[in-house]
Amino acid sequence: MTGLRVLAVDDELPALEDLAYLLRDDPRIGEVSLARDGAAALRVLDRAIADGRPIDAVFLDIRMRGLDGVVLGRLLSQFANPPRVVFVTAYEEHAVDAFEIKAEDYLLKPVRPERLAEAIRRVFVSAELPESEGSGRADPDTIPVELGGVTRFVASTEVRYVEAQGDYARLHTAGGSHLVRISLATLEERWSSAGFVRVHRSHLVAVKHIDELHIDSGRCVVRIGETEIPVSRRHTRELRDLLVRRARKGRSE
């Protein structure tokens, strides 16, 4: 595809100019438009659509005068063909909002060139997907996690199971675990299409990572790697039937 058409939005001119400079320096970027607030951003987006040259991605500050970035991001998600959104902010606490809006990435100021390059890569690959492939996202549904003061997005495909811990959820991957402030019920709803099922009030598992299912004296557990996870009675039959269907499907293929 040709270079990406992007819009950078920030009400602080020095930050906007710095971001625009970094964007223009990337060979994957074709055009960079600028806006100093949310209302101006909407005008640029509308004009681009009317000209038949819609914006591919919006690099969006969060705390701005008037229409803030989170509200604007939610508006953009309602577009018939929404642009990809990358948040660029000095504040870490809006990462869950970014997850809910399905942002491509979440960058913290000051923006490091290598992190911006990764965000552009996500957008570029995502923009190449045909509309027939679904949501238009290159990566599976993701969630922001904090790693050593850096926010990155963990894809649902990396997660083997999720454990509820109060108002938080712990994501278990092959490389470790990450505590995120989001409820298990929210993840269950968001990740059901990615193959996650509820097996217990405290656990959500990725079906493809289940190695074994054991039922002994009415007690059911599943094994994922070296970990055994309890399955409540109300979920046992549903999970067993699901695994049987998957096994039959695998044999038929």
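Throughout what follows, the structure given in this document is the object of discussion. (Residues numbered from 1 in each chain as written. Predicted model: local features only at pLDDT ≥ 70, side-chain atom pairs only at ≥ 80, totals over all residues. Heavy atoms only, no water.)

1. With respect to the overall build of the chain
Counting secondary structure elements, the chain contains 7 helices and 15 strands. A burial count over the chain gives 44% of its 253 residues as buried. Across the chain, every contact between residues at least 6 apart in sequence was considered, and the portion connecting residues at least 24 apart equals 53%. Accessible area of the chain: about 13400 Å², with a carbon and sulfur share of 47%. (Helix = DSSP H or I, 4+ residues; strand = E, 2+ residues; numbered from the N terminus. Buried < 20%, exposed > 50% of the residue type's maximum accessible area, 1.4 Å probe, protein only. Contact = heavy atoms within 4.5 Å. Areas by Shrake-Rupley, 256 points an atom, 1.4 Å probe, with all protein chains shown as cover.)

2. Some thoughts on the side chain of threonine 236
In this structure, threonine 236 sits in helix α7 (residues 233–252). Given the relative accessible area of 13%, threonine 236 is considered buried. In terms of polar contacts, threonine 236 uses its side chain to reach the backbone carbonyl oxygen of serine 232, at 2.9 Å. Ignoring any residue separated from it by four or fewer positions in sequence, one finds threonine 236 in contact with Ile215, Cys220 and Val231. (Polar contact = N/O pair within 3.5 Å; in protein donor to acceptor, adjacent residues only side chain to side chain.)

3. A word on the sheet that holds strand β11 (residues 196–200)
Sheets are built from strands that pair by backbone hydrogen bonding, the pairs being arranged parallel or antiparallel. Strand order across the open sheet formed by 5 strands is β10-β9-β8-β12-β11, with antiparallel pairing between neighbours. Each edge of the sheet is formed by a strand with only one pairing partner; in this case those strands are β10 (176–180) and β11. In this sheet, neighbouring strand axes are inclined to one another by 20 degrees on average, regardless of whether the strands run parallel or antiparallel. Of the strand pairs in this sheet, strand β8 (residues 159–165) and strand β12 (residues 203–206) are connected by 3 bridges, and their pairing is antiparallel. Paired with valine 162 across the two strands is leucine 204, which belongs to β12. The strands touched by helix α6 (residues 184–191) within the sheet are β8, β9 (168–173), β11 and β12, with β8 carrying the most contacts at an inclination of about 150 degrees. (Pairing = 2+ DSSP bridges. Axes fitted to C-alpha atoms, helices over the stretch in contact; angles between N-to-C directions.)

4. Looking at helix α1 (residues 13–24)
The terminal C-alpha atoms of α1 lie 16 Å apart, and with 12 residues this matches the ideal 16 Å at 1.5 Å per residue to within 8%. Every buried residue belonging to α1 is among Ala15, Leu16, Leu19, Ala20 and Leu23, and all of these are buried. Here the buried residues of α1 occupy an arc of 130 degrees about the axis, which is enough to place them on one side. For α1, the exposed residues set more than 90 degrees away from the buried face come down to Pro14, Asp18, Tyr21 and Arg24. (Expected span 1.5 Å × (residues − 1). Arc of directions from axis to C-beta.)

These figures come from the coordinates and say nothing about function on their own.
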